[in-house]
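# Tertiary structure, described
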Amino acid sequence: MRIIFSTCSRAQADELVLTLLREGLIGCGNVVPGVRSHYWWQGEVCSDEEAILVMETTLERSQAAAARLAEIHAYDVPKIVT
């Protein structure tokens, strides 16, 4: 088993998990809402409400799942950790 961890806007969280589930790239996905993130972006300190995604997949599908997540994620530089 491999775990894919990511953050995203709360508005996009369910859509991302459901897309990866429907495409057979993950077997389970958890959305943890209510995360406050502080980060540097384009020379400024920013703060946003986000959701954490915790998704389970297989070793064989982990690269494809991470690549697909990057493709459909709304952020320019999404955090995707496997």
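Residues numbered from 1 in each chain as written. Predicted model: local features only at pLDDT ≥ 70, side-chain atom pairs only at ≥ 80, totals over all residues. Heavy atoms only, no water.

## So, the layout of surface pockets
- Of the pockets and cavities examined, the largest pocket occupies roughly 310 Å³.
- In terms of lining, the largest pocket is formed by Thr7, Ser37, Tyr39, Trp40, Trp41, Asp48, Glu50, Tyr75, Asp76, Val77, Pro78 and Lys79.
- Of all the elements in the fold, those that place two or more residues in the lining of the largest pocket are strand S2 (28-41) and strand S3 (44-57).
- A total of 4 residues in the lining of the largest pocket trace back to one element, the largest contributor, which is S2.
- Of the residues that constitute the lining of the largest pocket, the class distribution is 6 nonpolar, 2 polar and 4 charged. (1 Å grid on protein atoms, 1.4 Å probe; cavity = no way out; pocket = protein on both sides within 12 Å on 5 of 7 lines; lining within 4 Å. Points joined across faces, edges and corners; volume = space filled by probe spheres on them. Helix = DSSP H or I, 4+ residues; strand = E, 2+ residues; numbered from the N terminus. Nonpolar A, V, L, I, M, F, W, Y, C, P; charged D, E, K, R; others polar.)

## Digging into the pairing of S3
- In the sheet, strand S1 (residues 2-8) pairs with S3 via 7 bridges, with the strands oriented antiparallel. Bridge pairing links Thr7 to Ile52 in S3.
- Connecting the antiparallel pair S2 and S3 is a turn made up of 2 residues, with Gln42 showing a positive phi of about 50°. (Pairing = 2+ DSSP bridges.)

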